[in-house]
Amino acid sequence: MDQRRVTEYRQQAKDADFSSRVLNVAARTGYLLLASGAEISRVEETIDRICSHYGVESEQAYVLSNGIFLTAGNGREKTYASVRYIPMQGSRFDRLIAVNQFSREVVRGKYTIGEAEKILSRIETSPGKSDFSQILASGIGSAAFSMLFGGSFRDALCAFAAGLILYVFVLKSRTAKKSKMVTNILGGMLVTMICYLLRSFGPGENLHYMVIGSVMPLIPGVTFISGLRDMAGGDYLSGSVRILDAILVFLSISIGVGVVTVIAFSLLGGKML
C-alpha cells in the first residue's frame, strides 16, 4: 500500500464516525475469529493490524476466551469502547479461513472501510454445514476411530450407526439449548446403550472399541489444543478456561459411559464385555 493511502487513512481516522466504523470492523473480525476457534494471540494481532492499517493508532484490545474488550481514544482520536461476549461453542473452520483471508486482504489495502463492512456481513451470515453432512461425518468418523483403535469391521459398522444416532441427538439438543454437560452425559449414555444392544443383538464384537469410536464426535479436541496454544503464548487465563471446558466435557462423557456400563454390568452379573 502506498504512502499516500496511509496518510489518507490517518486523516480519516481523526473523524469520529470513521474511527468508530474501523473499530467496529476490527471488533466484528475478532468476534468471528474467536467464535470460530482461533487462539487469543491471533485475534489480538488481527485487531491490531486492521486498526493500524486504517490509521487508528490508539486502539487497545484485551481478549479472553469468551470476550473482547476494545477501547480507543487519545488527544487526536475520539473515545471508543466496545465489549463483546462470545459464548464457548464449536469451531467453524470455513469461517475461520474466510476471516483470515479477509484480514490479509484488508492489510494489503484491497478494501475501503465500506467494502470491509459488506464482506464481514457476508461472512457472518454464511451458512454452516447442513445437518445431514454433520450427521454423516459423525458416523464416518466414529467408524474410522473404531477401526483405528483396533476394532473389527463389524465393530466399525456398529460405531457408524451409533455415531449417526448420536449426532441426531446432539443437533436436537442444540436446538433445545440444553446444557453442554447434560448433552455430553446423555450422549455418552446413548452411544454406550446403542453399542451394548448392537453387541448383544447385532453384528458387534468388541464393546469397548465400539464405544471408543462412537464417543469421538463429542471430544473437544480443537478446544483442548487451542487452550494449550494459548498457554504456550502466555495467555494463561484464557488457556486455562479452554482446557477446563474441555476437561469438563471429557468428564461428562465419562460419566455417561460409566453409568450405563455399571448398570449393564450389574444386571448381567459381571458378564458385559
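My aim in this report is to walk through the structure given alongside it, one point at a time. (Residues numbered from 1 in each chain as written. Predicted model: local features only at pLDDT ≥ 70, side-chain atom pairs only at ≥ 80, totals over all residues. Heavy atoms only, no water.)

## A few points about the overall build of the protein chain
In step 1: When helices and strands are tallied, the protein chain shows 11 helices and 3 strands.
In step 2: From first element to last, N terminus to C terminus, the protein chain shows the α and β order α-α-α-β-β-β-α-α-α-α-α-α-α-α.
In step 3: Its C-alpha atoms give the protein chain a radius of gyration of 24 Å, more than 25% over the compact-globule value 19 Å for 273 residues.
In step 4: Overall, the C-alpha framework of the protein chain stretches about 80 × 30 × 30 Å when taken along its three principal axes.
In step 5: Residues classed as buried in the protein chain amount to 43% of the 273 residues present.
In step 6: With the model as given, the accessible surface of the protein chain reaches about 14100 Å², and the carbon-plus-sulfur share is 62%.
In step 7: Computed over 29 positive and 22 negative side-chain charges, the separation of the two mean positions in the protein chain equals 6 Å. (Helix = DSSP H or I, 4+ residues; strand = E, 2+ residues; numbered from the N terminus. Rg over C-alpha atoms; globule rule 2.2 N^0.38 Å. Buried < 20%, exposed > 50% of the residue type's maximum accessible area, 1.4 Å probe, protein only. Areas by Shrake-Rupley, 256 points an atom, 1.4 Å probe, with all protein chains shown as cover. Lys, Arg positive; Asp, Glu negative; His and termini not counted. Charge placed at Lys NZ, Arg CZ, Asp CG, Glu CD.)

## Comments concerning the sheet that holds strand S1 (residues 60-64)
In step 1: Across the sheet, 3 strands lie side by side as S1-S2-S3; this open sheet has antiparallel pairing. Pairing within the sheet leaves two strands with one partner each, and these edge strands are S1 and strand S3 (80-85). Adjacent strand axes in the sheet meet at a mean angle of 5° when their direction is disregarded.
In step 2: Pairing of strand S2 (residues 67-72) with S3 involves 6 bridges; the strand directions are antiparallel. (Pairing = 2+ DSSP bridges. Axes fitted to C-alpha atoms, helices over the stretch in contact; angles between N-to-C directions.)

## Concerning the nonpolar core
In step 1: Val43, Ile47, Tyr54 and Phe102 are the most contacted members of the largest nonpolar core, which totals 34 residues.
In step 2: At the level of secondary structure, the elements contributing two or more residues to this core comprise helix H2 (16-35), helix H3 (40-53), S2, helix H4 (93-107) and helix H5 (113-124).
In step 3: In terms of residues, this core owes the most to one element, H2, which gives 10 residues.
In step 4: Once you skip the residues sitting within four places of it in the chain, Ile47 turns out to touch Ala26, Gly30, Glu59, Ala61, Val63, Ile68 and Leu70. (Core = buried A, V, L, I, M, F, W, Y, C linked by side-chain atoms within 4.5 Å. Contact = heavy atoms within 4.5 Å.)

## Details of the pattern of salt bridges
In step 1: The full count for this structure, using the stated rule, is 10 salt bridges.
In step 2: In this structure, Arg92 engages Asp94 in a salt bridge whose closest nitrogen and oxygen atoms are separated by 2.9 Å.
In step 3: Residue Asp94 is classed as partly exposed on the basis of its relative accessible area, which comes to 36%. (Salt bridge = Lys/Arg side-chain N within 4 Å of Asp/Glu carboxyl O.)

## Overview of the pairing of S2
In step 1: Two strands pair when backbone bridges link them, and S1 and S2 are joined in this way by 5 bridges, in the antiparallel orientation. Bridge pairing links Gln60 to Thr71 in S2.
In step 2: Where S1 folds back on S2, the antiparallel hairpin that results is connected by 2 residues.

## Description of H5
In step 1: Taking 1.5 Å as the rise per residue, H5 with 12 residues should run 16 Å; its terminal C-alpha atoms sit 16 Å apart, in good agreement.
In step 2: The complete set of buried residues in H5 reads Ile113, Gly114, Ala116, Glu117, Ile119, Leu120 and Ile123. (Expected span 1.5 Å × (residues − 1).)

## A look at the environment of Glu44
In step 1: Along the chain, Glu44 falls in helix H3.
In step 2: Classification of Glu44 by relative accessible area gives partly exposed; the value is 22%.
In step 3: Each C-alpha atom of the pair Glu44 and Leu33 lies 9.9 Å from the other, and the pair is 11 residues apart in sequence.
In step 4: Among all residues touching Glu44, those that are not within four sequence positions of it are Ala61 and Val63.

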